[in-house]
Amino acid sequence: MTALPETSSATVGSTSRSFPEGFVWGAATAAFQIEGATSEDGRGPSIWDTLCARPGAILDGSDGTVACDHYHRWESDLDLLADLGLTAYRFSISWPRVLPTGRGEVNAPGLAFYDRLVDGLHERGIEPFVTLYHWDLPQALEDLGGWRNRDTAFRFAEYAALTQHRLGDRVTHWTTLNEPWCSAFLGHASGEHAPGMTDPVAAVRASHHLLLGHGLAAQALHGGRRPAQVGVTINLYDVVPASDARADVDATRRLDGMQNRWYLDPLFTGAYPADVVADLAPVTDMAFVEDGDLEIISTKLDHLGINYYSSFAARGLATPAPVPEGGRPTPWVGLEDVELADRGLPQTHMGWDVDPDGLRKTLVRVARDYDVPPIFITENGAAYVDEVVDGVVDDPERVAYVDAHLRAILDASDEGVDVRGYFVWSLLDNFEWAWGYTRRFGVVRVDYDTQLRTPKSSSRAYAAIARDNGWL
Ligand code: IFM
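Model, not experiment: these values are computed from the prediction. (Residues numbered from 1 in each chain as written. Predicted model: local features only at pLDDT ≥ 70, side-chain atom pairs only at ≥ 80, totals over all residues. Heavy atoms only, no water.)

*Asks:* Is there a simple way to explain the packing of aromatic side chains in this structure?
*Replies:* The relation between two aromatic rings is expressed through the spacing of the ring centres and the mutual angle of the planes. Taken as a whole and judged by the stated rule, the model has 37 aromatic pairs. With centroids separated by 4.3 Å and ring planes inclined at 10°, the aromatic side chains of tyrosine 237 and phenylalanine 312 adopt a geometry described as stacked. Separated by 75 residues along the polypeptide, tyrosine 237 in the loop between β6 (229-235) and β7 (238-241) and phenylalanine 312 in strand β9 (residues 311-316) bring together distant segments of the chain. Through pairs of rings, three or more aromatic residues link up here, namely Phe32, Trp48, Trp135, Phe431, Trp433, Tyr437 and Tyr448. (Phe/Tyr/Trp six-rings, centres within 6.5 Å; stacked < 30°, edge-to-face > 60°. Helix = DSSP H or I, 4+ residues; strand = E, 2+ residues; numbered from the N terminus.)

*Asks:* For this particular structure, what's the right way to read the site of the ligand?
*Replies:* In the neighbourhood of the ligand, the contacting residues comprise Gln33, His134, Trp135, Asn178, Glu179, Tyr309, Trp352, Glu379, Trp425, Glu432, Trp433 and Phe441. Interatomic distance of 3.3 Å between a side-chain N/O atom of tryptophan 425 and an oxygen atom of the ligand. At 2.8 Å from an oxygen atom of the ligand is found a side-chain nitrogen or oxygen belonging to tryptophan 433. Expressed as a share of its isolated accessible area of 280 Å², the protein-covered part of the ligand is 95%. Here the shell around the ligand is composed, by residue class, of six nonpolar, three polar and three charged. (Near = heavy atom within 4 Å. Polar contact = N/O pair within 3.5 Å; in protein donor to acceptor, adjacent residues only side chain to side chain. Areas by Shrake-Rupley, 256 points an atom, 1.4 Å probe, with all protein chains shown as cover. Nonpolar A, V, L, I, M, F, W, Y, C, P; charged D, E, K, R; others polar.)

*Asks:* Would you take a moment to explain the sheet that holds strand β10 (residues 338-340) for this structure?
*Replies:* Sheets are built from strands that pair by backbone hydrogen bonding, the pairs being arranged parallel or antiparallel. Strand order in the open sheet formed by three strands is β7-β9-β10, and the pairing between neighbours is mixed. Edge strands, defined here as strands with exactly one partner in the open sheet, are β7 and β10. Taken pair by pair, the neighbouring strands of this sheet meet at an average axis angle of 35°, ignoring direction. Pairing geometry for β9 and β10, over three bridges, is antiparallel. Within the sheet, the bridge partner assigned to glycine 316 lies in β10 and is valine 338. Lying on the sheet, helix α10 (residues 246-269) is in contact with β7, β9 and β10; it crosses β9 at an angle near 130°. (Pairing = 2+ DSSP bridges. Axes fitted to C-alpha atoms, helices over the stretch in contact; angles between N-to-C directions. Contact = heavy atoms within 4.5 Å.)

*Asks:* I would appreciate a short explanation of the packing of helix α14 (residues 396-414) against helix α15 (residues 457-468) in the present structure.
*Replies:* For any two helices packed against each other, the geometry is given by the interaxial angle and the distance between the axes. Packing of α14 against α15 brings their axes to within 8 Å, and their N-to-C directions diverge by 25°. Looking at the two axes, α14 sits roughly parallel to α15. In the crossing of α14 with α15, the sense of the turn from one axis to the other is right-handed. When α14 is examined against α15, the residues Arg398, Val399, Val402, Asp403 and Leu406 are found in contact with a partner set consisting of Ser457, Ser458, Ala461, Tyr462 and Ile465. Its residues assigned to classes, the contact of α14 with α15 shows six nonpolar, two polar and two charged. (Parallel < 35°, antiparallel > 145°, perpendicular 65-115°, else oblique. Left-handed = near helix turned anticlockwise from the far one by under 90°.)

*Asks:* Got a minute to help me understand unusual backbone geometry in this structure?
*Replies:* Leaving glycine out, the prevailing phi sign among residues is negative, and the prevailing peptide bond configuration is trans. Each neighbour pair has its own omega, and for alanine 194 with proline 195 the value is 10°, a cis peptide bond. Relative to the helices and strands, proline 195 is located in the loop between α8 (180-188) and α9 (200-222). One non-glycine residue, alanine 37, lies in positive phi territory at about 50°. For alanine 37, the position within the fold is in the loop between α1 (31-34) and α2 (47-52).

*Asks:* I tried to follow the nonpolar core on my own but got confused; where do I start?
*Replies:* Grouped together as the largest cluster of nonpolar side chains are 144 residues, with contacts concentrated most on Trp48, Phe185, Trp262, Leu363 and Leu406. Those residues within four positions of leucine 363 in sequence are excluded, and the remaining contacts are Ile306, Ile375, Ile377, Ile409, Ala412, Val417 and Val419. Judged by nonpolar contacts, the second largest core, of five residues, contains Ala153, Leu212, Leu216 and Ile296. (Core = buried A, V, L, I, M, F, W, Y, C linked by side-chain atoms within 4.5 Å. Buried < 20%, exposed > 50% of the residue type's maximum accessible area, 1.4 Å probe, protein only.)

*Asks:* Help me out: how do you make sense of the pattern of salt bridges in this one?
*Replies:* Pairing between side chains of opposite charge can happen when the charged atoms of each approach one another. Under the counting rule described, the total for this entry stands at 41 salt bridges. Arginine 261 is the salt-bridge partner of aspartate 256, the closest N and O atoms lying 3.1 Å from each other. An identical accessibility class is assigned to aspartate 256 and arginine 261; each is buried. One salt bridge connects aspartate 369 with arginine 368, and the closest N-O pair in it is separated by 2.7 Å. Judged by relative accessible area, aspartate 369 falls into the partly exposed class, the value being 37%. What makes arginine 368 exposed here is its relative accessible area of 60%. One salt-bridge network, in which partners are shared between bridges, spans Asp250, Arg253, Asp256, Arg261, Asp275, Asp279, Arg365, Arg368 and Asp369. (Salt bridge = Lys/Arg side-chain N within 4 Å of Asp/Glu carboxyl O.)

*Asks:* For this particular structure, what's the right way to read the packing of helix α3 (residues 70-83) against helix α5 (residues 108-123)?
*Replies:* Two numbers describe how α3 lies on α5: the axes approach to 10 Å, and their chain directions differ by 15°. Looking at the two axes, α3 sits roughly parallel to α5. When you trace α3 past α5, the crossing you get is right-handed. Residues His70, Tyr71, Trp74, Leu78 and Leu81 of α3 touch α5, and the partners they reach there are Pro109, Phe113, Arg116, Leu117, Gly120 and Leu121. A per-class count over the contact of α3 with α5 returns eight nonpolar, two polar and one charged.

Listed below in C-alpha coordinates is the structure:
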(Lines give C-alpha, C1' and ligand atoms only; values in the text may rest on other atoms or scores of the structure.)
Protein backbone atom coordinates (compact mmCIF):
# COMPACT_ATOMS: atom_id res chain seq x y z
CA MET A 1 0.00 0.00 0.00
CA THR A 2 1.18 3.50 -0.78
CA ALA A 3 1.59 6.36 1.64
CA LEU A 4 -0.96 9.11 1.43
CA PRO A 5 -0.26 12.79 1.18
CA GLU A 6 -0.72 14.44 4.58
CA THR A 7 -2.89 17.06 3.01
CA SER A 8 -5.00 17.31 -0.08
CA SER A 9 -5.26 20.25 -2.39
CA ALA A 10 -9.02 20.31 -1.75
CA THR A 11 -10.62 23.42 -0.36
CA VAL A 12 -13.07 22.46 2.35
CA GLY A 13 -15.06 24.28 4.98
CA SER A 14 -13.21 25.28 8.13
CA THR A 15 -15.90 25.84 10.75
CA SER A 16 -15.72 23.56 13.76
CA ARG A 17 -18.81 21.33 13.99
CA SER A 18 -19.62 17.91 15.34
CA PHE A 19 -22.03 15.07 14.82
CA PRO A 20 -24.17 13.58 17.59
CA GLU A 21 -22.42 11.11 19.84
CA GLY A 22 -22.64 7.58 18.48
CA PHE A 23 -22.96 8.74 14.88
CA VAL A 24 -22.11 5.78 12.66
CA TRP A 25 -19.22 6.22 10.22
CA GLY A 26 -19.00 3.72 7.44
CA ALA A 27 -18.29 2.86 3.84
CA ALA A 28 -20.52 0.96 1.43
CA THR A 29 -20.09 -1.56 -1.38
CA ALA A 30 -22.30 -4.04 -3.21
CA ALA A 31 -21.71 -7.69 -4.04
CA PHE A 32 -21.83 -7.66 -7.82
CA GLN A 33 -19.74 -4.51 -8.01
CA ILE A 34 -16.77 -5.87 -6.07
CA GLU A 35 -16.84 -9.60 -5.44
CA GLY A 36 -15.98 -11.19 -8.78
CA ALA A 37 -15.86 -15.01 -8.54
CA THR A 38 -19.17 -15.16 -10.35
CA SER A 39 -18.97 -18.86 -11.03
CA GLU A 40 -17.06 -19.99 -7.97
CA ASP A 41 -18.24 -22.13 -5.08
CA GLY A 42 -21.62 -22.84 -6.61
CA ARG A 43 -22.85 -19.29 -7.21
CA GLY A 44 -25.68 -19.19 -9.73
CA PRO A 45 -25.95 -16.64 -12.53
CA SER A 46 -27.66 -13.33 -11.87
CA ILE A 47 -29.48 -10.95 -14.18
CA TRP A 48 -26.36 -8.78 -14.23
CA ASP A 49 -24.22 -11.63 -15.56
CA THR A 50 -26.79 -12.00 -18.31
CA LEU A 51 -26.96 -8.29 -19.11
CA CYS A 52 -23.16 -8.02 -19.20
CA ALA A 53 -23.11 -10.70 -21.89
CA ARG A 54 -25.44 -8.63 -24.10
CA PRO A 55 -23.37 -6.76 -26.69
CA GLY A 56 -23.42 -3.02 -26.12
CA ALA A 57 -25.08 -3.19 -22.70
CA ILE A 58 -21.97 -2.21 -20.74
CA LEU A 59 -20.00 0.83 -21.87
CA ASP A 60 -16.58 -0.83 -21.79
CA GLY A 61 -17.85 -4.33 -22.57
CA SER A 62 -16.79 -5.50 -19.12
CA ASP A 63 -18.51 -7.73 -16.59
CA GLY A 64 -18.36 -8.78 -12.96
CA THR A 65 -16.25 -11.91 -13.40
CA VAL A 66 -13.30 -10.48 -11.49
CA ALA A 67 -14.40 -6.96 -10.46
CA CYS A 68 -12.29 -6.07 -7.39
CA ASP A 69 -11.66 -9.74 -6.62
CA HIS A 70 -13.08 -9.03 -3.19
CA TYR A 71 -14.26 -12.62 -2.88
CA HIS A 72 -10.61 -13.56 -2.47
CA ARG A 73 -9.25 -10.32 -1.03
CA TRP A 74 -11.93 -9.65 1.56
CA GLU A 75 -9.55 -9.82 4.51
CA SER A 76 -7.22 -7.12 3.21
CA ASP A 77 -10.24 -5.08 2.16
CA LEU A 78 -11.56 -5.25 5.71
CA ASP A 79 -8.11 -4.18 6.88
CA LEU A 80 -8.52 -1.07 4.72
CA LEU A 81 -11.72 -0.22 6.58
CA ALA A 82 -10.01 -0.78 9.88
CA ASP A 83 -7.02 1.36 8.83
CA LEU A 84 -9.46 4.17 8.11
CA GLY A 85 -10.91 3.77 11.59
CA LEU A 86 -14.43 3.25 10.25
CA THR A 87 -16.83 1.53 12.58
CA ALA A 88 -19.43 0.28 10.11
CA TYR A 89 -19.43 -1.46 6.74
CA ARG A 90 -22.44 -1.68 4.46
CA PHE A 91 -22.20 -4.57 2.03
CA SER A 92 -24.72 -6.61 0.13
CA ILE A 93 -25.26 -10.32 -0.02
CA SER A 94 -25.45 -11.93 -3.42
CA TRP A 95 -28.75 -13.78 -3.55
CA PRO A 96 -27.50 -16.19 -6.28
CA ARG A 97 -24.42 -16.99 -4.20
CA VAL A 98 -26.63 -18.08 -1.32
CA LEU A 99 -29.45 -19.58 -3.40
CA PRO A 100 -28.14 -20.29 -6.92
CA THR A 101 -31.64 -20.58 -8.38
CA GLY A 102 -33.18 -18.07 -6.02
CA ARG A 103 -34.97 -20.67 -3.88
CA GLY A 104 -34.70 -24.15 -2.52
CA GLU A 105 -31.37 -25.63 -1.45
CA VAL A 106 -28.93 -23.24 0.21
CA ASN A 107 -25.45 -23.13 -1.34
CA ALA A 108 -23.42 -23.70 1.82
CA PRO A 109 -20.07 -22.37 0.49
CA GLY A 110 -21.80 -19.18 -0.67
CA LEU A 111 -23.36 -18.47 2.68
CA ALA A 112 -20.09 -19.40 4.38
CA PHE A 113 -18.39 -16.51 2.57
CA TYR A 114 -20.67 -14.02 4.31
CA ASP A 115 -20.22 -15.86 7.57
CA ARG A 116 -16.48 -15.27 7.34
CA LEU A 117 -17.00 -11.68 6.26
CA VAL A 118 -19.23 -10.93 9.24
CA ASP A 119 -16.80 -12.58 11.64
CA GLY A 120 -13.94 -10.66 10.05
CA LEU A 121 -15.79 -7.40 10.59
CA HIS A 122 -16.46 -8.11 14.24
CA GLU A 123 -12.83 -9.11 14.76
CA ARG A 124 -11.93 -5.62 13.55
CA GLY A 125 -14.59 -3.88 15.64
CA ILE A 126 -16.66 -2.97 12.57
CA GLU A 127 -20.45 -3.27 12.63
CA PRO A 128 -21.96 -5.06 9.62
CA PHE A 129 -24.88 -3.35 7.86
CA VAL A 130 -26.25 -5.96 5.48
CA THR A 131 -28.23 -5.22 2.35
CA LEU A 132 -30.11 -8.22 1.02
CA TYR A 133 -30.77 -7.04 -2.51
CA HIS A 134 -28.47 -4.79 -4.46
CA TRP A 135 -29.84 -5.67 -7.90
CA ASP A 136 -28.39 -9.14 -8.55
CA LEU A 137 -31.55 -11.20 -8.95
CA PRO A 138 -30.90 -14.89 -9.60
CA GLN A 139 -31.35 -15.46 -13.33
CA ALA A 140 -33.52 -18.51 -12.59
CA LEU A 141 -36.10 -16.22 -11.00
CA GLU A 142 -35.87 -13.81 -13.93
CA ASP A 143 -36.67 -16.76 -16.17
CA LEU A 144 -39.92 -17.09 -14.21
CA GLY A 145 -40.79 -13.43 -14.73
CA GLY A 146 -38.41 -11.71 -12.32
CA TRP A 147 -39.92 -8.85 -10.37
CA ARG A 148 -42.86 -8.73 -12.79
CA ASN A 149 -43.89 -11.96 -11.15
CA ARG A 150 -45.54 -11.49 -7.76
CA ASP A 151 -44.07 -14.78 -6.61
CA THR A 152 -40.56 -13.25 -6.58
CA ALA A 153 -41.58 -11.10 -3.61
CA PHE A 154 -42.28 -14.24 -1.58
CA ARG A 155 -39.03 -15.88 -2.66
CA PHE A 156 -37.21 -12.74 -1.51
CA ALA A 157 -38.78 -12.99 1.94
CA GLU A 158 -37.68 -16.64 2.21
CA TYR A 159 -34.14 -15.68 1.24
CA ALA A 160 -34.19 -12.89 3.85
CA ALA A 161 -35.35 -15.28 6.55
CA LEU A 162 -32.78 -17.95 5.85
CA THR A 163 -29.95 -15.43 5.66
CA GLN A 164 -30.96 -13.95 8.96
CA HIS A 165 -31.23 -17.44 10.44
CA ARG A 166 -27.55 -17.95 9.65
CA LEU A 167 -26.13 -14.47 10.31
CA GLY A 168 -28.66 -12.93 12.69
CA ASP A 169 -26.61 -13.82 15.76
CA ARG A 170 -23.97 -11.35 14.52
CA VAL A 171 -25.88 -8.99 12.24
CA THR A 172 -28.41 -6.57 13.67
CA HIS A 173 -28.77 -4.00 10.89
CA TRP A 174 -30.61 -5.22 7.81
CA THR A 175 -31.61 -3.39 4.68
CA THR A 176 -34.05 -5.19 2.43
CA LEU A 177 -33.64 -3.45 -0.94
CA ASN A 178 -31.15 -0.99 -2.30
CA GLU A 179 -32.69 1.68 -4.53
CA PRO A 180 -35.74 -0.24 -5.77
CA TRP A 181 -36.37 2.66 -8.19
CA CYS A 182 -33.29 1.56 -10.15
CA SER A 183 -34.31 -2.11 -10.21
CA ALA A 184 -37.78 -1.23 -11.43
CA PHE A 185 -37.34 1.73 -13.74
CA LEU A 186 -33.74 1.53 -14.98
CA GLY A 187 -34.22 -2.22 -15.23
CA HIS A 188 -37.56 -2.31 -17.03
CA ALA A 189 -38.34 1.13 -18.51
CA SER A 190 -35.08 2.64 -19.80
CA GLY A 191 -33.38 -0.76 -20.02
CA GLU A 192 -30.05 0.57 -18.81
CA HIS A 193 -29.94 -1.91 -15.94
CA ALA A 194 -30.70 -5.62 -15.75
CA PRO A 195 -32.87 -7.21 -16.93
CA GLY A 196 -32.59 -4.58 -19.67
CA MET A 197 -36.26 -4.27 -20.61
CA THR A 198 -37.98 -1.25 -22.12
CA ASP A 199 -41.55 -1.90 -21.09
CA PRO A 200 -43.07 0.83 -18.90
CA VAL A 201 -45.97 -1.34 -17.77
CA ALA A 202 -43.54 -4.03 -16.63
CA ALA A 203 -41.57 -1.36 -14.78
CA VAL A 204 -44.53 -0.18 -12.71
CA ARG A 205 -45.56 -3.75 -11.99
CA ALA A 206 -42.00 -4.66 -10.96
CA SER A 207 -41.84 -1.60 -8.72
CA HIS A 208 -44.87 -2.84 -6.80
CA HIS A 209 -43.54 -6.36 -6.39
CA LEU A 210 -40.18 -5.04 -5.22
CA LEU A 211 -41.97 -3.04 -2.53
CA LEU A 212 -44.09 -6.04 -1.64
CA GLY A 213 -40.91 -8.10 -1.36
CA HIS A 214 -39.46 -5.44 0.91
CA GLY A 215 -42.51 -5.53 3.19
CA LEU A 216 -42.60 -9.33 3.35
CA ALA A 217 -38.87 -9.49 4.03
CA ALA A 218 -39.13 -6.82 6.73
CA GLN A 219 -41.84 -8.85 8.43
CA ALA A 220 -39.77 -12.03 8.13
CA LEU A 221 -36.72 -10.31 9.62
CA HIS A 222 -38.74 -8.87 12.48
CA GLY A 223 -40.31 -12.25 13.07
CA GLY A 224 -36.96 -14.05 13.28
CA ARG A 225 -35.52 -15.36 16.53
CA ARG A 226 -32.90 -12.61 16.71
CA PRO A 227 -33.50 -8.92 17.27
CA ALA A 228 -33.27 -7.14 13.93
CA GLN A 229 -33.12 -3.47 13.01
CA VAL A 230 -34.75 -3.37 9.60
CA GLY A 231 -34.85 -0.70 6.94
CA VAL A 232 -34.93 -0.09 3.23
CA THR A 233 -32.69 2.17 1.16
CA ILE A 234 -34.22 4.53 -1.39
CA ASN A 235 -32.51 6.96 -3.71
CA LEU A 236 -33.96 10.43 -3.31
CA TYR A 237 -33.36 13.66 -5.22
CA ASP A 238 -34.32 17.22 -4.51
CA VAL A 239 -36.47 18.22 -7.48
CA VAL A 240 -36.89 21.89 -8.33
CA PRO A 241 -38.57 23.59 -11.27
CA ALA A 242 -36.28 24.92 -14.00
CA SER A 243 -38.36 28.13 -13.94
CA ASP A 244 -41.62 29.51 -12.55
CA ALA A 245 -43.43 28.49 -15.74
CA ARG A 246 -46.50 26.40 -15.02
CA ALA A 247 -45.20 23.55 -17.21
CA ASP A 248 -41.97 23.39 -15.18
CA VAL A 249 -43.78 23.48 -11.87
CA ASP A 250 -46.03 20.61 -12.96
CA ALA A 251 -43.05 18.71 -14.36
CA THR A 252 -41.49 19.05 -10.91
CA ARG A 253 -44.56 17.59 -9.23
CA ARG A 254 -44.58 14.67 -11.64
CA LEU A 255 -40.85 13.96 -11.49
CA ASP A 256 -40.81 14.21 -7.70
CA GLY A 257 -43.84 11.93 -7.75
CA MET A 258 -42.21 9.19 -9.84
CA GLN A 259 -38.82 9.43 -8.20
CA ASN A 260 -39.46 10.18 -4.54
CA ARG A 261 -43.11 9.97 -3.51
CA TRP A 262 -43.64 6.71 -5.41
CA TYR A 263 -41.54 5.17 -2.62
CA LEU A 264 -42.03 7.44 0.37
CA ASP A 265 -45.83 7.36 0.24
CA PRO A 266 -46.42 3.59 0.18
CA LEU A 267 -43.64 2.99 2.71
CA PHE A 268 -44.74 5.64 5.19
CA THR A 269 -48.40 6.37 4.48
CA GLY A 270 -49.55 3.00 3.14
CA ALA A 271 -50.84 4.41 -0.17
CA TYR A 272 -49.45 5.23 -3.59
CA PRO A 273 -49.61 8.96 -4.35
CA ALA A 274 -53.01 9.58 -5.97
CA ASP A 275 -51.70 12.20 -8.41
CA VAL A 276 -49.01 9.83 -9.70
CA VAL A 277 -51.48 6.98 -10.04
CA ALA A 278 -53.62 9.36 -12.09
CA ASP A 279 -50.61 10.42 -14.18
CA LEU A 280 -49.87 6.75 -14.87
CA ALA A 281 -53.45 5.87 -15.83
CA PRO A 282 -52.86 6.26 -19.59
CA VAL A 283 -49.97 3.78 -19.27
CA THR A 284 -51.17 1.26 -16.73
CA ASP A 285 -53.79 0.56 -14.13
CA MET A 286 -52.79 -0.75 -10.74
CA ALA A 287 -54.60 -4.08 -10.97
CA PHE A 288 -51.51 -5.87 -9.66
CA VAL A 289 -52.02 -4.29 -6.22
CA GLU A 290 -53.87 -6.80 -4.08
CA ASP A 291 -55.78 -6.26 -0.85
CA GLY A 292 -53.38 -6.03 2.06
CA ASP A 293 -50.29 -5.30 -0.05
CA LEU A 294 -49.95 -1.73 1.12
CA GLU A 295 -50.29 -2.75 4.73
CA ILE A 296 -47.36 -5.13 4.20
CA ILE A 297 -45.35 -2.50 2.32
CA SER A 298 -45.85 0.03 5.11
CA THR A 299 -44.61 -2.35 7.80
CA LYS A 300 -43.01 -0.23 10.51
CA LEU A 301 -39.28 0.15 9.98
CA ASP A 302 -36.42 0.77 12.39
CA HIS A 303 -34.44 2.97 10.03
CA LEU A 304 -34.67 4.56 6.64
CA GLY A 305 -31.68 4.46 4.33
CA ILE A 306 -31.33 7.39 1.99
CA ASN A 307 -28.90 7.42 -0.91
CA TYR A 308 -28.30 10.93 -2.12
CA TYR A 309 -26.07 11.97 -4.99
CA SER A 310 -27.70 14.88 -6.81
CA SER A 311 -30.77 16.99 -7.47
CA PHE A 312 -32.88 17.66 -10.55
CA ALA A 313 -34.26 20.79 -12.21
CA ALA A 314 -37.38 19.77 -14.12
CA ARG A 315 -38.52 21.36 -17.34
CA GLY A 316 -41.89 20.58 -18.91
CA LEU A 317 -41.84 20.33 -22.71
CA ALA A 318 -44.70 21.25 -25.00
CA THR A 319 -44.36 17.91 -26.80
CA PRO A 320 -42.71 14.66 -25.74
CA ALA A 321 -39.03 14.47 -26.67
CA PRO A 322 -38.33 11.66 -29.17
CA VAL A 323 -35.88 9.00 -28.03
CA PRO A 324 -32.58 9.97 -29.70
CA GLU A 325 -30.98 7.57 -32.18
CA GLY A 326 -29.21 4.91 -30.14
CA GLY A 327 -30.57 6.46 -26.94
CA ARG A 328 -32.81 5.02 -24.27
CA PRO A 329 -36.40 5.73 -23.32
CA THR A 330 -36.89 7.73 -20.14
CA PRO A 331 -36.87 5.70 -16.93
CA TRP A 332 -39.63 8.01 -15.56
CA VAL A 333 -42.72 6.33 -16.91
CA GLY A 334 -45.05 8.78 -18.63
CA LEU A 335 -42.57 11.64 -18.37
CA GLU A 336 -41.48 11.78 -22.01
CA ASP A 337 -42.36 15.47 -21.91
CA VAL A 338 -40.08 16.26 -18.99
CA GLU A 339 -36.37 16.98 -19.29
CA LEU A 340 -33.64 17.79 -16.80
CA ALA A 341 -32.43 21.35 -17.18
CA ASP A 342 -28.81 22.36 -16.98
CA ARG A 343 -28.34 24.78 -14.07
CA GLY A 344 -24.65 25.28 -14.67
CA LEU A 345 -23.78 23.52 -11.42
CA PRO A 346 -20.47 21.67 -11.13
CA GLN A 347 -20.85 18.07 -12.19
CA THR A 348 -19.19 14.78 -11.32
CA HIS A 349 -17.78 12.37 -13.88
CA MET A 350 -21.28 10.84 -14.06
CA GLY A 351 -22.59 14.19 -15.30
CA TRP A 352 -24.57 14.55 -12.06
CA ASP A 353 -25.00 18.03 -10.60
CA VAL A 354 -23.20 18.59 -7.32
CA ASP A 355 -25.77 20.05 -4.93
CA PRO A 356 -25.07 19.43 -1.25
CA ASP A 357 -27.90 21.71 -0.15
CA GLY A 358 -30.23 19.36 -2.03
CA LEU A 359 -29.33 16.77 0.58
CA ARG A 360 -30.30 19.12 3.42
CA LYS A 361 -33.56 19.92 1.65
CA THR A 362 -34.28 16.26 0.99
CA LEU A 363 -33.74 15.32 4.61
CA VAL A 364 -35.83 18.20 5.92
CA ARG A 365 -38.62 17.39 3.47
CA VAL A 366 -38.68 13.69 4.32
CA ALA A 367 -38.80 14.39 8.06
CA ARG A 368 -41.45 17.08 7.59
CA ASP A 369 -43.78 15.18 5.27
CA TYR A 370 -43.50 11.64 6.62
CA ASP A 371 -43.39 9.84 9.92
CA VAL A 372 -39.98 8.31 9.33
CA PRO A 373 -37.69 6.31 11.62
CA PRO A 374 -34.07 7.43 12.20
CA ILE A 375 -32.23 7.98 8.95
CA PHE A 376 -28.91 6.65 7.73
CA ILE A 377 -27.27 8.11 4.66
CA THR A 378 -26.49 4.70 3.23
CA GLU A 379 -24.71 6.10 0.16
CA ASN A 380 -23.19 9.39 -0.85
CA GLY A 381 -20.12 9.98 -2.92
CA ALA A 382 -18.88 10.97 -6.33
CA ALA A 383 -17.13 9.69 -9.42
CA TYR A 384 -14.21 11.78 -10.57
CA VAL A 385 -11.33 11.10 -12.89
CA ASP A 386 -8.35 10.45 -10.68
CA GLU A 387 -4.92 9.10 -11.33
CA VAL A 388 -1.93 7.73 -9.54
CA VAL A 389 0.98 10.15 -9.48
CA ASP A 390 4.13 8.91 -7.81
CA GLY A 391 2.10 6.25 -6.08
CA VAL A 392 -0.36 8.76 -4.66
CA VAL A 393 -3.94 9.59 -5.63
CA ASP A 394 -4.98 13.11 -4.73
CA ASP A 395 -8.73 13.60 -5.32
CA PRO A 396 -9.58 17.07 -4.06
CA GLU A 397 -12.99 17.16 -5.76
CA ARG A 398 -14.12 14.03 -3.93
CA VAL A 399 -12.73 15.41 -0.65
CA ALA A 400 -14.77 18.58 -1.16
CA TYR A 401 -17.88 16.63 -2.24
CA VAL A 402 -17.90 14.45 0.87
CA ASP A 403 -17.07 17.36 3.16
CA ALA A 404 -19.90 19.51 1.78
CA HIS A 405 -22.47 16.74 2.00
CA LEU A 406 -21.51 15.94 5.57
CA ARG A 407 -22.01 19.59 6.44
CA ALA A 408 -25.40 19.46 4.74
CA ILE A 409 -26.35 16.58 7.02
CA LEU A 410 -25.45 18.68 10.03
CA ASP A 411 -27.51 21.54 8.62
CA ALA A 412 -30.46 19.16 8.40
CA SER A 413 -29.79 17.92 11.95
CA ASP A 414 -29.87 21.52 13.10
CA GLU A 415 -33.36 21.66 11.60
CA GLY A 416 -34.38 18.66 13.67
CA VAL A 417 -33.76 15.71 11.32
CA ASP A 418 -32.59 12.55 13.07
CA VAL A 419 -29.65 11.27 10.99
CA ARG A 420 -27.72 8.48 12.70
CA GLY A 421 -24.94 7.62 10.29
CA TYR A 422 -23.18 8.06 6.96
CA PHE A 423 -21.71 5.55 4.53
CA VAL A 424 -19.46 6.88 1.83
CA TRP A 425 -19.98 5.35 -1.60
CA SER A 426 -17.72 3.66 -2.08
CA LEU A 427 -14.90 1.98 -0.22
CA LEU A 428 -13.40 0.82 -3.52
CA ASP A 429 -13.55 1.83 -7.16
CA ASN A 430 -15.79 -0.83 -8.64
CA PHE A 431 -18.06 -2.03 -11.44
CA GLU A 432 -20.35 0.93 -12.05
CA TRP A 433 -23.12 -1.06 -13.73
CA ALA A 434 -23.79 0.03 -17.34
CA TRP A 435 -20.70 2.27 -17.11
CA GLY A 436 -18.49 -0.74 -16.46
CA TYR A 437 -15.18 0.22 -14.88
CA THR A 438 -15.09 3.67 -16.49
CA ARG A 439 -16.35 5.56 -13.45
CA ARG A 440 -14.46 5.60 -10.15
CA PHE A 441 -16.40 6.24 -6.96
CA GLY A 442 -13.93 4.74 -4.48
CA VAL A 443 -12.08 6.47 -1.68
CA VAL A 444 -9.60 3.68 -2.37
CA ARG A 445 -8.36 3.29 -5.93
CA VAL A 446 -8.35 -0.15 -7.51
CA ASP A 447 -5.92 -0.96 -10.29
CA TYR A 448 -7.94 -3.53 -12.20
CA ASP A 449 -4.83 -5.04 -13.82
CA THR A 450 -2.99 -5.74 -10.59
CA GLN A 451 -5.78 -5.39 -8.02
CA LEU A 452 -3.51 -3.01 -6.11
CA ARG A 453 -5.47 -0.84 -3.70
CA THR A 454 -4.27 2.74 -3.22
CA PRO A 455 -6.13 4.82 -0.65
CA LYS A 456 -6.94 8.23 -2.13
CA SER A 457 -6.59 11.45 -0.18
CA SER A 458 -10.38 11.41 0.21
CA SER A 459 -10.06 8.29 2.35
CA ARG A 460 -7.78 10.11 4.74
CA ALA A 461 -9.92 13.25 4.79
CA TYR A 462 -13.02 11.18 5.47
CA ALA A 463 -11.25 9.10 8.12
CA ALA A 464 -10.19 12.28 9.91
CA ILE A 465 -13.76 13.58 10.04
CA ALA A 466 -14.95 10.18 11.26
CA ARG A 467 -12.23 10.03 13.91
CA ASP A 468 -13.02 13.51 15.22
CA ASN A 469 -16.78 12.99 14.77
CA GLY A 470 -16.80 16.22 12.77
CA TRP A 471 -14.38 19.09 12.35
CA LEU A 472 -12.41 20.25 15.37
O1 IFM B 1 -22.79 2.37 -7.83
C2 IFM B 1 -24.07 2.77 -7.49
C3 IFM B 1 -24.64 1.88 -6.41
O4 IFM B 1 -24.62 0.55 -6.77
C5 IFM B 1 -26.06 2.28 -6.11
N6 IFM B 1 -26.15 3.69 -5.85
C7 IFM B 1 -25.55 4.59 -6.77
C8 IFM B 1 -24.11 4.19 -7.02
C9 IFM B 1 -23.45 5.15 -8.01
O10 IFM B 1 -24.12 5.12 -9.21
